[in-house]
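# Structural features, examined
Spelled out, the chains give:
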Amino acid sequence: MSRFCFRCPLRWADMDAYGHVNNTEYLAYLEEARIALLFQGAADAGVTTLLGQVVVVRHEIDYRRPLEFRPEPILIDTWVTGIRNTSFSLGYDVRDENTLYATAATVMAAYDAAAEATRPLSERERSWLETLRDDEA
């Protein structure tokens, strides 16, 4: 099992009237981590077919603790929780060294833009996704 860790900076504009990160900003944080995973992690492994060729099917977020602004980035661990024929599921921990702020999940589907339809994951894509798999998280 291997997790991808993304260091996500906070912006002052992410705060709400209560002085903590607005719940809608978590989706942007997850997107940043996911893009880094697919554009950096997959590309570094030679898997370029996932770049811009996946779509979000579903998001789920459980908020654990309020996250207040600070200059240090938060950490977002991302891993694969499942792989199907045309889709895969990701898990996330939004945290710092001491606190878990949120857990989340995303379902992604491989997508063929020309056909405007999902497509099967290739063996190379599946093999790379397996390196990030953690079914016990």
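This section reports on the structure supplied with the text. Fair warning: this is a prediction, and the values are worked out from it, not measured in the lab.

The rules behind these values
- Residues numbered from 1 in each chain as written.
- Predicted model: local features only at pLDDT ≥ 70, side-chain atom pairs only at ≥ 80, totals over all residues.
- Heavy atoms only, no water.
- Phe/Tyr/Trp six-rings, centres within 6.5 Å; stacked < 30°, edge-to-face > 60°.
- Helix = DSSP H or I, 4+ residues; strand = E, 2+ residues; numbered from the N terminus.
- Buried < 20%, exposed > 50% of the residue type's maximum accessible area, 1.4 Å probe, protein only.
- Salt bridge = Lys/Arg side-chain N within 4 Å of Asp/Glu carboxyl O.
- Core = buried A, V, L, I, M, F, W, Y, C linked by side-chain atoms within 4.5 Å.
- Contact = heavy atoms within 4.5 Å.

## As for the packing of aromatic side chains
A full pass over the atoms with the stated rule returns three aromatic pairs. On the numbers, 6.0 Å between centres and 55° between planes, the contact of Tyr26 with Tyr29 is tilted. In this pair, Tyr26 and Tyr29 are both assigned in helix H1 (residues 25-44), three residues apart and thus about one turn of the helix distant. Relative accessible area serves as the criterion here: at 4%, Tyr26 is assigned to the buried category. Note on Tyr29: relative accessible area 3%, which makes it buried.

## As for the pattern of salt bridges
Counted according to the given criterion, the structure contains nine salt bridges. For Arg3, the salt bridge identified is with Asp134, shortest N-O distance 2.9 Å. You can see Arg3 sitting in the segment before strand E1 (4-8) and its partner Asp134 sitting in the segment after helix H2 (123-130), a full 131 residues away along the chain. Here Arg119 ties to Glu125 by a salt bridge, and the two come within 2.8 Å at their closest N and O atoms.

## Some remarks on the nonpolar core
Side chains that are nonpolar tend, in soluble globular proteins, to be buried together. Within the largest apolar cluster, 36 residues are counted, with the highest numbers of intra-cluster contacts made by Ile76 and Trp128. Counting only elements with at least two residues in this core, the list comes to E1, H1, strand E2 (54-63), strand E3 (74-83), strand E4 (87-95), strand E5 (100-112) and H2. A total of eight residues in this core trace back to one element, the largest contributor, which is H1. Every residue in contact with Trp128, bar those within four places of it in the chain, is listed here: Leu37, Leu38, Gly41, Ala42, Ala45, Val47 and Leu50.

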